[in-house]
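Each chain, letter by letter, is given below.
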Amino acid sequence: MRSIKNICCIGAGYVGGPTMSVIANKCPEINVTVVDINANRIAAWNDEDLDKLPVYEPGLKEIVAESRNKNLFFSTEVDKAIDEADMIFISVNTPTKTYGKGKGEAADLKYIELCARNIARVAKSDKIVVEKSTLPVRTAQAIKDILHNTGNGVKYEVLSNPEFLAEGTAIDDLLNADRVLIGGDDTPSGKEAKNILSGIYEHWLPKERVLQTNLWSSELSKLVANAFLAQRISSINSISALCEVTDANVAEVSKAIGKDSRIGPKFLNASVGFGGSCFQKDILNLVYICKTYGLTEVAEYWDQVIKINDYQKRRFAENIITTLYNTVSGKKIAFYGWAFKKDTNDTRESAAIYVADTLLEEQAEIVVYDPKVSEEQVYADLDYLNTRSEEENRKLVTVVNDPLKAAEDAHAVAILTEWDEFKALDWEQIYNSMFKPAFVFDGRRILDKQIMNQTGFDYYRIGEGK
Ligand SMILES: NC(=O)C1=CN([C@@H]2O[C@H](COP(=O)(O)OP(=O)(O)OC[C@H]3O[C@@H](n4cnc5c(N)ncnc54)[C@H](O)[C@@H]3O)[C@@H](O)[C@H]2O)C=CC1
Ligand SMILES: O=C(O)[C@H]1O[C@H](OP(=O)(O)OP(=O)(O)OC[C@H]2O[C@@H](n3ccc(=O)[nH]c3=O)[C@H](O)[C@@H]2O)[C@H](O)[C@@H](O)[C@@H]1O
């Protein structure tokens, strides 16, 4: 079996960066070069100050510190890294299309195609090309078509190796993956390529956790895994609405049903709605694929997961408005958290953005505090929605770096992200600094209801009557 000396990964984002750092760390005999066209991102990956890495993940900076410039390199020299590599991971973004056919649903594959064409143009020796990005089922066919039509004699094997890490726990997820999935052709060279990639993961994972399948099962399994996970959240969030009007408690319901080993306890936390760059995008993509094959009922079934998620975000915002005597105009609302979950600086599709947008339409004033999200990012997220002018967003929204300051003279605090530090805040001091009645809307159910009520707050949380 061929041995791999050089790996190149195209795309130094939330997946490419952490995944390649772990591979380099666990496979010291392999040189790993992560390349990106975004020079700022590469400069940040190379920054001597490890707190400036472009991705915040617990445990990441330690791994980067151990391996960087030994066998882990970050570079903008894409062609050079492709040329030198035996194995090339494609880990570029695959966002939802914002134009043309499939707008708002299909995955935009232009970056993937550019990578394939770049490889076809540059490669002079045989390569294993690995799809790491999440892709619609059958994308590997398009990649093969591009690679196999160069006429220059270079041979390629295309593998699908989707990534299952979650942000905030990426390093732990990579080091202790439930499974690694490798799809490829069942030809002798396809099997050899799958075994070579399996061998890389077997440096730190038991062999039985590395699954090999055909290409299409692997591509589709990634979309299905995300759809099932998101479906659990929408299921429990739909029940949270029912709990609020029946005096049932969603946490008690989650616990009760989760004890059934057939259901299991994970991913049953009711929330203000799931966010993140992938759940919505991947389900929309699944819906689009089903429609393309004429599977209308299947498409509608999965679309409902998104609809409930939109409903949950809207419901949370509308509850704030109704509770604050049907008007938030000119009222100050402190947002605790902007990231889509704790322990990440990523804000893509964060529920906070949409809750803010609804409240801003009602002329609320919002003060945001998030320990890892910058002021520019908050404004960029709101501007991207195009609901109002950039000036208005800056007039109505302030970003501060102190949670106590955010709450000063506020009418309400809304908890949008479950950062641990919010539990340890001096809530009595917060109460004293706010307008009365002082409202707290806990979209993450992280605070103790009894203590909050004793402190004097009007405390509401998702999935429970007051
Ligand atoms: N973010 C996550 O937690 C997970 C993401 N995924 C999937 O992984 C893929 C990547 O996601 P992220 O890392 O979050 O995206 P990202 O947006 O953080 O990173 C992608 C990077 O690719 C670069 N890029 C785009 N086209 C390029 C080209 N032609 N040449 C060189 N660089 C190029 C971009 O500049 C960007 O830095 C997506 O398909 C996503 O669905 C899968 C599992 C988890
Ligand atoms: O393909 C991807 O991008 C990744 O998507 C998710 O990972 P991620 O979005 O990073 O984070 P999750 O922990 O899944 O959380 C997603 C959202 O759901 C919310 N959530 C999660 C769990 C829960 O019980 N309730 C809930 O509201 C979180 O707060 C967050 O907003 C999957 O968990 C990963 O396996 C997958 O690789």
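Everything numeric here is computed off the predicted structure, so don't read it as measured data.

A.B. asks: Looking at this model, I keep getting lost on the UniProt feature "active site" (unreviewed entry) in the chain. Mind explaining?
C.D. replies: Within this structure's numbering, the places UniProt gives as "active site" (unreviewed entry) are C278. Looking at the element boundaries, C278 is found in the loop between helix 10 (250-258) and helix 11 (279-292). By relative accessible area, C278 is classed as partly exposed at 26%.

A.B. asks: How should the sheet that holds strand 10 (residues 365-369) be read in this particular structure?
C.D. replies: Note on sheets: strands pair through backbone hydrogen bonds, and any given pair is parallel or antiparallel. In spatial order, the strands read 11-10-9-12-13-14; together these six strands make up an open sheet with parallel pairing. Of all strands in the sheet, those bounded by a partner on one side alone are strand 11 (397-399) and strand 14 (458-461). Adjacent strand axes in the sheet meet at a mean angle of 20° when their direction is disregarded. By the bridge criterion, four bridges tie strand 12 (residues 412-415) to strand 13 (residues 439-442) in an arrangement that is parallel. In the strand pairing of strand 13, A414 is matched with F441. Those strands touched by helix 12 (residues 296-323) are strand 9 (332-336), strand 12, strand 13 and strand 14, and its axis lies near 165° from that of strand 13. Strand contacts of helix 14 (residues 375-385): strand 10 and strand 11, with the helix running at about 155° to strand 11, the strand carrying the most contacts.

A.B. asks: Any chance you could explain the pattern of salt bridges here in plain terms?
C.D. replies: Working definition: two side chains of opposite charge can pair if their charged atoms are close together. Counted according to the given criterion, the structure contains 29 salt bridges. K449 is paired through a salt bridge with E464; the nearest N and O atoms lie 3.0 Å apart. One end of the pair, K449, is in helix 18 (residues 449-455); the other, E464, is in the segment after strand 14, with 15 residues separating them in the sequence. Given a relative accessible area of 11%, E464 falls into the buried group. For K466, the salt bridge is made with D458, and the minimal N-O distance between the two is 3.4 Å. Judged by relative accessible area, K466 falls into the exposed class, the value being 51%. Shared partners join several salt bridges into a network, and the residues in it are R445, K449, R461 and E464.

Basis of the calculations
- Residues numbered from 1 in each chain as written.
- Chains lettered and ligands numbered in written order.
- Predicted model: local features only at pLDDT ≥ 70, side-chain atom pairs only at ≥ 80, totals over all residues.
- Heavy atoms only, no water.
- UniProt positions renumbered as here; feature names shortened; annotations may be inferred.
- Helix = DSSP H or I, 4+ residues; strand = E, 2+ residues; numbered from the N terminus.
- Buried < 20%, exposed > 50% of the residue type's maximum accessible area, 1.4 Å probe, protein only.
- Pairing = 2+ DSSP bridges.
- Axes fitted to C-alpha atoms, helices over the stretch in contact; angles between N-to-C directions.
- Contact = heavy atoms within 4.5 Å.
- Salt bridge = Lys/Arg side-chain N within 4 Å of Asp/Glu carboxyl O.

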